[in-house]
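Chains, contacts and geometry: an overview
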Amino acid sequence: MEKRKMERLGAETSLLGFGCMRFPTTKDGKINESEAEKMIDRAIAAGVNYIDTAYPYHNGESEPFVGKVLKKYDRGSFYLATKLPCWAVKSLEDVDRLFEEQLSRLQTDYIDFYLLHALNRGSFHNMVELGGVKRLEQLKAEGKIRNLGFSFHDGYDAFEEIINYREWDFCQIQLNYMDTQDGPGMRGYELAEKKGIPLVIMEPVKGGSLACFAEDITETFRKLDPDASVASFALRWVGTLPHVKVILSGMSSMEQVEDNLKTFGDFTPLSQAEKKTIEDIVSLIRSRVQNGCTACRYCMPCPAGVDIPGNFRAWNTYHMYQNYKVVSGLWEKELGESKQAKNCIKCGKCEQACPQKLSIRQDLEKVQADLDRKEFVIS
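About the cut-offs
- Residue numbers here run from 1 along each chain, matching the order of that chain's written sequence.
- With pLDDT at 70 or above as the cut-off, local features in this predicted model cover only qualifying residues; side-chain atom pairs require 80 or more to be listed or tallied, and sums for whole chains, interfaces and linings still use all residues.
- Computation of side-chain values: all heavy atoms of the structure, hydrogens and water removed.
- By definition, any uninterrupted DSSP run of H or I lasting at least four residues is a helix, any uninterrupted run of E lasting at least two residues is a strand, and each is numbered from the N terminus.
- Here the radius of gyration uses the C-alpha set of atoms, whereas the globule reference equals 2.2 Å times the residue count to the power 0.38.
- Only protein chains enter the area calculation, which uses a 1.4 Å probe; residues under 20% of their type maximum are buried, those over 50% are exposed, and those in between are partly exposed.
- In this analysis, two residues are considered to be in contact whenever any of their non-hydrogen atoms come within 4.5 Å of each other.
- The method behind every accessible area is Shrake-Rupley, applied with a 1.4 Å probe, and residues are considered shielded solely by the protein chains displayed.
- Whenever a carboxyl oxygen of Asp or Glu lies within 4 Å of a side-chain nitrogen of Lys or Arg, that contact is scored as a salt bridge.
- Using a grid of 1 Å spacing that covers the protein atoms alone, one calls a set of points a cavity when a 1.4 Å probe fits there but cannot get out, and a pocket when the set is open and has protein on both sides within 12 Å along at least five of seven lines; lining residues are those with an atom within 4 Å of a point.
- Grid points are joined across faces, edges and corners, and a volume is the space filled by probe spheres set on the points.
- Under the convention adopted here, Pro, Cys and the residues Ala, Val, Leu, Ile, Met, Phe, Trp and Tyr are nonpolar, Asp, Glu, Lys and Arg are charged, and Gly plus all remaining residues are polar.

Describing the overall build of the protein chain
When you go through the protein chain residue by residue, the secondary structure sums to 15 helices and ten strands. For 379 residues, the compact-globule estimate of 2.2 N^0.38 gives 21 Å, and the protein chain sits close to it at 22 Å. Taken over the C-alpha atoms alone, the protein chain extends approximately 60 × 50 × 45 Å along its principal axes. Classification of the 379 residues of the protein chain by burial places 53% in the buried group. For the protein chain, the proportion of contacts with a sequence separation of at least 24, taken over those separated by at least 6, is 75%. Split by element, the accessible area of the protein chain, about 16900 Å² in all, is 47% carbon and sulfur.

In structure tokens form, the structure reads like this:
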């Protein structure tokens, strides 16, 4: 198993981290505990030593389950990461209450890597104003937290503000070959590297989007290595970055565990030819964008209730990856019948407000037609 040293922290972590947010589930939506335990056991046996969970994962079931499974292992043989649900912190007392609940759930008296969960500029300011960051520093001084960091969901400017606020032990960002310019992106990676702050990476396969393409892109990956999965190239792209210390994978089947162990067991950085091929694939994917909506939301609210930026996000993503599965949740659940393009009454108010001068009414017709047709369906 590939290992990476966090010299400043005196830690050596497996490059593959087991993300405990997508365990297999039973018909009633509960964690399939027997199968999930086998997956964790297999990963640990192969050298995975970074186990990442969080308070809300699996509707609060992940932490208690992970704590139960890890109880059979020597506490010093693995690194346990979990996160403070900052959105649930309304007072300083909530920090202590939630942290103690997490220790109880996980059946441990300390957390190796503790994160402020899903920080953005607003939630960070709230945590600072409530004294939450200072309280976590006290818990670290008491030995209940070994390393203090944060996971992040916002733009680069907010990331720069947060990472410069104090001397963080580590931080966690989303990064993959499609998101180099989104969120913190590669600028965030380079800033963390410059400051010497170890990086943990989430969404290396972009929620599965980079694991299942239409045949043209899939065939391009097959030509690089017919025995490698498409997802493995996304993981190797992240792992080729030298300052990345852990890459989290939310594995939901033993098949995914085995494929990841194959990738990280004898890890090989991308060759120059592989990097160039991925750059070409990224260019191809981006060329499939249907319109230039920037989600500025000047077109909103729509009198008919249509979520115009949401529809265009679904439409563009659908064509980029040519895979309906990638947008099915957004289209069917998040937007649903009430916010879909078909409700447009063609009043034209949106087009008058659009700074991009998009043909919104015409494009919304195309959105509905394309997503109803479901031409690109990949299992």
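Remarks on the pattern of salt bridges
Pairing between side chains becomes possible if they bear opposite charge and their charged atoms approach one another. Across all of its chains, the model carries 31 salt bridges by this definition. With its nearest N and O atoms 3.2 Å apart, the salt bridge here joins Arg97 to Asp94. Taken as a pair, Arg97 and Asp94 lie in helix α3 (residues 92-106) at a separation of three residues, close to a single helical turn. When its relative accessible area of 13% is taken as the criterion, Asp94 is described as buried.

Side note on the layout of surface pockets
Approximately 210 Å³ is the volume found for the second largest pocket. In terms of lining, the second largest pocket is formed by 13 residues, of which the most central are Asp225, Ala228, Arg236, Lys262 and Thr263. Contributing elements (two or more residues each) for the lining of the second largest pocket: α9 (230-239) and α10 (254-265). Partitioning the lining of the second largest pocket into residue classes produces two nonpolar, four polar and seven charged.

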